[in-house]
Amino acid sequence: MRQTIQALASHHPGAEHVCAACGYTSPRWFGRCPECGEWSSARTSPASAPAPAITSLVHDGPPPQRMVTGMCELDRVLGGGLVAGSAILLAGEPGIGKSTLVLQLMDGVIGRGRRALLMTGEESVAQVALRGARLNVAADRFLVSASSSLEEVLAASLNQRPDVVVVDSVQTLRDDGLEGAAGSVLQVRECASTLVAHAKQTGTVVILVGHVTKEGAVAGPKALEHVVDAVLTLEGERDGSLRTLRVSKNRFGSCTETGVLKLGGSGLEPVEDPSAMMLADRLPGIPGSVVFPCLEGSRPVLVELQALLTPTPQAQPRRVAIGVDGRRLTLLLGVLSERCDESFHARDVFAAAAGGLAVREPAADMALSLALLSARSGTCIDQTTTAFGEVGLGGEIRRVPATRRRIDEALRMGFRTAIVPRGSERSSSGMEEISVGDIRDAWRACTGT
Ligand code: TYD
Ligand code: MG
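Residues numbered from 1 in each chain as written. Chains lettered and ligands numbered in written order. Predicted model: local features only at pLDDT ≥ 70, side-chain atom pairs only at ≥ 80, totals over all residues. Heavy atoms only, no water.

> Run through the domain arrangement of the protein chain, naming residues and quoting values.
Frequently, the measure chosen for interface size is the accessible area that the parts lose on association. Domain parsing of the protein chain yields domain 1 (2–45), domain 2 (66–272) and domain 3 (278–447). Centre-to-centre separation of domain 1 and domain 2, based on C-alpha positions: 49 Å. (Domains from an automatic or database assignment.)

Put into structure tokens, the structure is as follows:
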């Protein structure tokens, strides 16, 4: 239809209105087409619409200016700092540390001579001040207002002209001109769109804090992902201290970086050596334990995967996964039963990534399978052995990315043997690499049988 309209329009360059149904053209608007009788079919002719400016992809302007926050993990995840005029969504479960992170971020930019405004709809200024004192921020230079009205946020930003505006949280924000309570999809989306436009117009960095629940999102981050320039997610077990800062969308940088942070008495601090931290409490000589070199963004981190089996009289034994994917655990138990003749029925199965880091890569399959086989047989796997590779339904081991980086990190942490997928790139490092084609070979390599 579109082509027809365009073709017709080009034959009638003077025409302004075209019937979308039959192609009838007229310089005047019509409610009903006099030719075919269709109602509301009049469209503006493409020929009479002003053409937008067209350019190529050659860009010779300067790269976007970045505002360093001084929180090294955050700066790295952002791709070198905050970009002027960008809108960032910081998502995470309640209590994970979002308000702490934004306060530290603001302190960082304030310390570098910038102005930062916090609009808090969730907490009172006094509550924020208490947290600020705990974090030892430059309290006197903060611009803070307790408001959850969109109008007031815009007015405060235009009035104060800050470099960074933080809205904590987007779910408490309300546009009085719109229907619905704060936190409804309409309110959240419209308020966010207005603030994103404000960021673009004024060059202010707008940071929206948004809550997500474990199940996903309640009128929040999911509805906003397409509106903002970057989406950062702060994750971790609330009871533990480890936090990861992941980036799932970034218009000004890569999406592969992950920050590893620790929430302590004075806020979030970078973890310099995540592998050392993850392995610090490891006990030797326990069956069901295998260390997996996980990729956190582009950085390898060694994580101990643990499995525990306990007899149960229940007809439906429990399968509990903490820090590893529950569906992959079930899949691997199926593969091990079929391909290795190991029965896991009449046993509860617990699998965990120790230390609070969530492991999502399929590359963890082989290490987790070996931990399960080790727990099943009661045989310990050598402490200085590591393993990685994806396990297919046939029990075959599939290659995974970043072999070298994983092996180098394991070597650095004192590991001597790596069980790797057959066909992986080999290295000249001091690591003994054992290539395996299927999960039975891998288990034999571990037990020396
Ligand atoms: P908060 O930033 O309020 O979380 P969110 O905004 O995501 O809901 O922080 C929540 C937890 O962090 C709270 O239980 C206290 C803890 N915390 C620390 O452990 N250290 C600190 O320095 C601060 C300020 C908070
Ligand atoms: Mg908060």
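> How would you explain the pairing of strand 15 (residues 289–296) if you had to name every residue and give the values?
With 8 of its 8 residues buried, strand 15 lies for the most part within the structure. Of the two faces of strand 15, the one lined by S289, V291, P293 and L295 and the one lined by V290, F292, C294 and E296 are each fully buried. Relative to strand 16 (residues 299–311), strand 15 runs antiparallel, the two sharing 8 bridges. In the strand pairing of strand 16, S289 is matched with Q306. Hairpin remark: strand 15 followed by strand 16, antiparallel, with 2 residues in the connecting loop; positive phi at G297, about 65 degrees. (Buried < 20%, exposed > 50% of the residue type's maximum accessible area, 1.4 Å probe, protein only. Helix = DSSP H or I, 4+ residues; strand = E, 2+ residues; numbered from the N terminus. Pairing = 2+ DSSP bridges.)

> Got a sec to walk through the site of ligand 1? Specific residues and values, please.
Residues in contact with ligand 1 amount to 16 residues; listed here are only the nearest, G95, S99, T100, R131 and G264. A distance of 3.5 Å separates a nitrogen atom of ligand 1 from a polar side-chain atom of R134. Its free accessible area being 560 Å², ligand 1 has 75% of it covered by the protein chains. Mapped onto the shell around ligand 1, the elements with two or more residues apiece are helix 3 (98–111), helix 4 (125–135) and strand 13 (258–264). Residue composition of the shell around ligand 1, grouped by class: 4 nonpolar, 8 polar and 4 charged. (Near = heavy atom within 4 Å. Polar contact = N/O pair within 3.5 Å; in protein donor to acceptor, adjacent residues only side chain to side chain. Areas by Shrake-Rupley, 256 points an atom, 1.4 Å probe, with all protein chains shown as cover. Nonpolar A, V, L, I, M, F, W, Y, C, P; charged D, E, K, R; others polar.)

> Lay out the nonpolar core with the relevant residues and their values.
Ranked by internal contacts, the top residues of the largest apolar core, which has 56 residues, are F292, V303, L305, M366, L370, L372 and I439. The element that contributes the greatest number of residues to this core is helix 10 (residues 365–377), accounting for 8 residues. In terms of domain composition, this core takes at least three residues from each of domain 2 (66–272) and domain 3 (278–447). Other than its neighbours up to four places away in sequence, L370 contacts V290, I381, A387, I419, I439, A442, W443 and C446. Counting 34 residues, the second largest nonpolar core, distinct from the first, contains L105, M106, L118 and L261. (Core = buried A, V, L, I, M, F, W, Y, C linked by side-chain atoms within 4.5 Å. Contact = heavy atoms within 4.5 Å.)

> Could you give an account of helix 5 (residues 150–160), with specific residues and numbers?
Buried residues of helix 5: L150, V153, L154, A156 and S157, and no others. Relative to the axis of helix 5, the buried residues are bounded by an arc of 165 degrees and lie together on one face. Residues of helix 5 that are exposed and point more than 90 degrees away from the buried face comprise E151 and N159. On the buried face of helix 5, the contacting elements are strand 7 (116–120), strand 9 (164–168) and helix 6 (185–202). Backbone geometry just downstream of helix 5 places R161 in the positive-phi region, at approximately 50 degrees. (Arc of directions from axis to C-beta.)

> Break down the packing of helix 10 against helix 12 (residues 439–447) for me, with residues and values.
The interhelical angle for the contact between helix 10 and helix 12, taken along N-to-C directions, is 60 degrees, at an axis separation of 10 Å. Between helix 10 and helix 12, the interaxial angle falls into the category oblique. Considering only the axes of helix 10 and helix 12, their crossing is right-handed. Where helix 10 abuts helix 12, its residues M366, S369, L370, L373, S374 and S377 lie against I439, A442, W443 and C446. Residue composition of the contact of helix 10 with helix 12, grouped by class: 7 nonpolar, 3 polar and no charged. (Axes fitted to C-alpha atoms, helices over the stretch in contact; angles between N-to-C directions. Parallel < 35°, antiparallel > 145°, perpendicular 65-115°, else oblique. Left-handed = near helix turned anticlockwise from the far one by under 90°.)

> Could you give an account of the packing of aromatic side chains, with specific residues and numbers?
Under the definition given, this model contains 1 aromatic pair. Look at Y24 and F30: their rings are 5.5 Å apart centre to centre, the planes differ by 65 degrees, and that puts the pair in the edge-to-face class. Among the residues examined, Y24 registers a relative accessible area of 25% and is labelled partly exposed. For F30, a relative accessible area of 7% translates into the label buried. The ring of F388 has R406 lying over it, and the distance from NZ or CZ to the ring centre is 5.6 Å. (Phe/Tyr/Trp six-rings, centres within 6.5 Å; stacked < 30°, edge-to-face > 60°. Lys NZ or Arg CZ within 6 Å of the ring centre and 35° of its normal.)

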